[in-house]
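# A closer look at the structure
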Amino acid sequence: MTVIALVGARHRVPLAAGACLLSFTAFWLAQRAADVSMIDLMVYRAEGETVRAGGDLYALRTTEAHLPTTYPPFAALLFTPLTLLETADMRTLATLGNLLLLVAFAHLALRLVAPVDRTGHARVEAALWVSALAVWAEPVWTTLRYGQINLLLAVLVLWDLSRRPGHRWAGAGIGIAAAVKLTPALFAVFLLLTGAAEAARRGPWRAPVRRACVAAAAFTGVTLVAAAVLPYDSWRFWTRMVFEAGRVGLAEDTANQSLRGVLARLLHTDEPGALWVATAAAAGVLGLTAAVRAALRGEHARAAVACAVTALLVSPVSWSHHWVWCVPMGLLLWTEAVRRGGRARWTATGAAVLVFCSYALWWVPHGAGRLELDQNYGEMTLSALYVGTAFAFLLGEVGRRTRGRTTGPARDQAVAKE
């Protein structure tokens, strides 16, 4: 029966590939019809040009929106090849690259979500179907609309987390992702905490600690390279710019789907201050607890998603396109509903899909004039949907009990065989 299933999956791959290609083509046409600006990609290009010209990276203001440089200097070094491309070619290649990264992201997520259930052709088929649907989710749509790098960073992190325990390079992806954008650094903290918890239980604590150390080494290495090439910009970023969250954008902006954004809109203020710090600290404890507990059960996909949404919650600014982690979250909820059934599980799955595919956060007053500071409670609810969904997921994980699942070493071995 297994052989028959594998043969069937292999023959279904072309159908899934055709459906994925059709969906991507429709998506491409829709974005061209919407005349997307890919404004963030243009900022990346300007950063690369500034590096090549020897300019002041953090004095840069570019595009019609006068956007600044917000990433660490290492990111600007990575963006310099963009200056070798014509604008039209750059936009086309960026879109194609992000679509391929979406397929890779879905494939890696499936490796963690169902390491035992799916192998080979079956996972390729599933990844193509997932990608065909996920491309229409608001965070993914907006990532491609702006020419963002969220999918690249997510793939680097999942590549690390899906490696077998003790893999030589496991952790490097997290370190490099954190050097490009600081938020993924929370995954290294999660790995250290998991190692400490395993040590307390006298378990195999070395693998997560080793990954955290490799991540720290990779982060330090590429950051030092950037400092050697861009000493002035590196000094400015790490001593000043890293502390200026306001440079990234307005806290109350509807697109800011972090705790700080929700609190700014709730309190009708541009800076929630100490309340945000306290709430973010509590959310960090809750999220890391959920992630470590899942990791100790051997549920690596749940641990990864819990850590990811925690990072998005506590970050000063988490734009809606940063929430591409809705893809593995949706896969987790759907897989659980298929395996165990129940109205509550299917309702949770449907609710999560609706939140991330309805674009409801944009149904409220937003834009010029700081309209978000005057939102009513109904509008604030809509503009807090991603944060509310993340909290619901984390609370469910903390209170979750394991029943009838493959966990621990057996599950690790299933991933290692990939």
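Relevant structure appears above.
Residues numbered from 1 in each chain as written. Predicted model: local features only at pLDDT ≥ 70, side-chain atom pairs only at ≥ 80, totals over all residues. Heavy atoms only, no water.

## Comments concerning the pattern of salt bridges
Two side chains with opposite charge may pair up if their charged atoms get near one another. Taken as a whole and judged by the stated rule, the model has 11 salt bridges. The shortest N-O distance in the salt bridge between Glu-49 and Arg-45 comes to 3.5 Å. Of this pair, Glu-49 and Arg-45 both sit in helix H2 (residues 39–53), four residues apart, roughly one helical turn. A relative accessible area of 39% means that Glu-49 is categorised as partly exposed. On the basis of relative accessibility, which here comes to 13%, the residue Arg-45 falls in the buried class. Between Arg-236 and Asp-56 there is a salt bridge whose closest N-O contact spans 2.9 Å. Highlighted residues: Arg-236 in helix H11 (residues 231–239) and Asp-56 in the loop between H2 and helix H3 (73–79), separated in sequence by 180 residues. Overall, the relative accessible area of 14% leaves Arg-236 in the buried class. (Salt bridge = Lys/Arg side-chain N within 4 Å of Asp/Glu carboxyl O. Helix = DSSP H or I, 4+ residues; strand = E, 2+ residues; numbered from the N terminus. Buried < 20%, exposed > 50% of the residue type's maximum accessible area, 1.4 Å probe, protein only.)

## Describing the packing of helix H4 (residues 87–113) against helix H15 (residues 326–340)
Between two packed helices, the angle of one axis relative to the other and the distance separating the axes together describe the packing. Close contact between H4 and H15 brings their axes to 10 Å; oriented N to C, the two are set at 40°. In terms of axis orientation, H4 runs oblique to H15. Remark: the crossing between H4 and H15 carries right-handed chirality. Of H15, the residues touching H4 (which contributes Phe-105, Ala-106, Ala-109, Leu-110 and Val-113) are Val-327, Pro-328, Leu-331, Leu-332, Thr-335 and Arg-339. When the residues that make up the contact of H4 with H15 are grouped by side-chain class, the tally is nine nonpolar, one polar and one charged. (Axes fitted to C-alpha atoms, helices over the stretch in contact; angles between N-to-C directions. Parallel < 35°, antiparallel > 145°, perpendicular 65-115°, else oblique. Left-handed = near helix turned anticlockwise from the far one by under 90°. Contact = heavy atoms within 4.5 Å. Nonpolar A, V, L, I, M, F, W, Y, C, P; charged D, E, K, R; others polar.)

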